[in-house]
Each structure stands twice: as structure tokens, then as C-alpha cells.
Amino acid sequence: MGFVSRGFSGRRRPAADLPPGQYLTDDFPVLSAGPTPHVPTDEWEFTITTETGDVHRWDWASLRALPAETPTVDLHCVTRWSKLATTWEGVSLDTLLADVDTGADYAFVQSYGGYTTNLPLEDLLDGQAWIAYRYDDADLPAEHGGPARLLVPHLYLWKSAKWVRGIRLTPEEEPGFWETAGYHIYGDPWREQRYWDE
Ligand SMILES: Nc1nc2c(c(=O)[nH]1)N[C@H]1C(S)=C(S)[C@@H](COP(=O)(O)O)O[C@H]1N2
Ligand SMILES: [Mo]
């Protein structure tokens with residue numbers, strides 16, 4: 001079979017790596033619906049709240065004390081740019097959810113500054129999502145969501161909430177900021193789920 005190795009340059013990657021309707025960029029565009037919040041790490045906290053009201057809480061030190069992973073992933077924005085092979089450091093949601101007892105099927109993600117988004121809880125599990133605090137071997141810059149953002153690269157990038165503050169687990173799916181504005185409730189780039197009617 002005609003197997004072709006990908007190589008390591010990160011440029012000239014095969015078109016098969018790009019979801020339909022996307023183009024490649026080497027830049028890292030900044031897309032924010034409002035002003036950039038600046039949250040000092042000594043005031044930062046992250047919570048996971050279950051459907052029964054149990055609150056699991058991490059401050060900055062306890063987040064950074066958890067085992068870190070360094071995923072290399074492709075990013076796909078619904079405005080059609082994709083950026084391949086980006087490198088991050090963060091804590092897997094598998095780690096954060098390990099001791100969370102829940103029967104909920106959905107996650108409602110909330111950010112400092114008020115942004116929200118939603119996804120099925122199972123899309124946060126099995127090595128698919130991280131709370132990321134470093135990008136490209138540097139602390140995550142505020143405009144890209146620092147001190148920490150959600151990273152869910154298998155869905156369109158609007159699901160990767162910058163300045164993430166908490167996740168509420170819910171039995172019913174609740175649409176977030178862009179989902180309420182007409183974007184797809186799930187947002188799979190490979191199925192081109194850009195808007196609610198696709
Ligand atoms: N809190 C917050 N998170 C957000 C957004 C936002 O406006 N606010 N924009 C989303 C969108 S539409 C995209 S494409 C990505 C952009 O991430 P970047 O600015 O790091 O490229 O962040 C997502 N997360
Ligand atoms: Mo976006």
C-alpha cells in the first residue's frame with residue numbers, strides 16, 4: 001500500500017489532514033468575542049460542579065501539581081483556518097474528572113469574562129480534552145486564553161473556551177454563547193457542522 005510518512009516540518013502537510021472547507025495557516029489568529037480578561041494565578045480557580053451540586057475545586061497550585069501531558073494537536077476554527085501540529089501542556093480532563101461522581105451526559109463550560117460553550121461529557125474524556133496552560137513551550141498568553149483554557153481539538157475551536165473558569169455537568173444539553181447564536185450544537189469539523197442547520 002502506498003503509505004507516505006508525514007514528515008516533521010509541519011508545513012506542506014497532505015490535504016487529507018484538513019477537514020472540508022478549511023485552509024492552512026501558520027499564524028495563530030486571536031478570536032475573542034469580548035475584551036481579554038486578565039486573571040492573576042493567585043486568584044484563579046477552576047471548578048467542576050455536578051448535577052447534584054457537588055463542587056470540585058482546584059486553585060492554580062493544585063492544578064499545576066497534577067500530572068501534565070504535552071499533546072500535539074491540529075486546530076480547526078469555524079472561520080475556516082486550521083493550524084496543524086500545535087504543541088501544548090496541560091492537565092487531561094480524564095485526570096480532573098477521575099474522582100467526580102456524575103450521571104450527567106453534558107458539560108456546560110464557563111469562562112472568566114462570561115463566555116460559555118457546551119459539549120457532551122464523553123467528548124471531554126478518553127484523552128480528547130485538556131485544561132492547557134502552556135503553548136509552544138511558553139506560558140499561555142492571555143489573548144490565547146491564559147492562564148488556562150480548555151483544549152478540545154477534535155471539535156471546532158469555539159468549543160475550546162479560553163480563560164476557563166468551570167464546567168457544570170448537566171443532564172440536558174444547554175447551548176452556550178455561539179451555539180445560542182446559531183452555531184452547531186456539536187461542531188465536528190470533519191462533518192462540517194458549522195451552523196445549526198448543518
Ligand atoms: N472565553 C472565550 N473563549 C473562546 C472564544 C471567546 O471569544 N471567548 N472564542 C472561541 C473561538 S470562536 C475560537 S476560534 C478560539 C480562538 O482561540 P485563539 O484566539 O487562541 O485562536 O477560541 C474560542 N474560545
Ligand atoms: Mo472561532
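Figured I'd write up the structure that's included with this text. (Residues numbered from 1 in each chain as written. Chains lettered and ligands numbered in written order. Predicted model: local features only at pLDDT ≥ 70, side-chain atom pairs only at ≥ 80, totals over all residues. Heavy atoms only, no water.)

1. Overview of a negative patch on the surface
Next up, step 1: A cluster of acidic residues, D105, E122, D126 and E172, forms a negative patch at the surface.
Next up, step 2: For D105, the location among the structural elements is in the loop between helix 2 (93-97) and strand 6 (106-111). (Patch = residues over 30% accessible without salt bridge, like charges linked within 9 Å, V, L, I, M, F, W, Y side chains within 5 Å. Areas by Shrake-Rupley, 256 points an atom, 1.4 Å probe, with all protein chains shown as cover. Salt bridge = Lys/Arg side-chain N within 4 Å of Asp/Glu carboxyl O. Lys, Arg positive; Asp, Glu negative; His and termini not counted. Charge placed at Lys NZ, Arg CZ, Asp CG, Glu CD. Helix = DSSP H or I, 4+ residues; strand = E, 2+ residues; numbered from the N terminus.)

2. Thoughts on the site of ligand 1
Next up, step 1: Around ligand 1, the surrounding shell holds 20 residues, and the nearest of these are P29, A33, H144, R149 and K162.
Next up, step 2: Side-chain polar atom of H144 to an oxygen atom of ligand 1: 2.7 Å apart, as the coordinates give it.
Next up, step 3: The side chain of K162 places a nitrogen or oxygen atom 2.6 Å from an oxygen atom of ligand 1.
Next up, step 4: Residue composition of the shell around ligand 1, grouped by class: 13 nonpolar, four polar and three charged. (Near = heavy atom within 4 Å. Polar contact = N/O pair within 3.5 Å; in protein donor to acceptor, adjacent residues only side chain to side chain. Nonpolar A, V, L, I, M, F, W, Y, C, P; charged D, E, K, R; others polar.)

3. Things to note about the pairing of strand 2 (residues 45-49)
Next up, step 1: Counting buried positions along strand 2 gives four out of five residues, so the element sits mostly inside the fold.
Next up, step 2: Pairing between strand 2 and strand 3 (residues 55-59): five bridges, direction antiparallel. Counterpart to I48 in the pairing with strand 3 is H56.
Next up, step 3: Bridge analysis of strand 2 against strand 11 (residues 164-170) gives three bridges, and the strand direction is parallel. Considered in strand 11, the bridge of I48 is made with I167. (Buried < 20%, exposed > 50% of the residue type's maximum accessible area, 1.4 Å probe, protein only. Pairing = 2+ DSSP bridges.)

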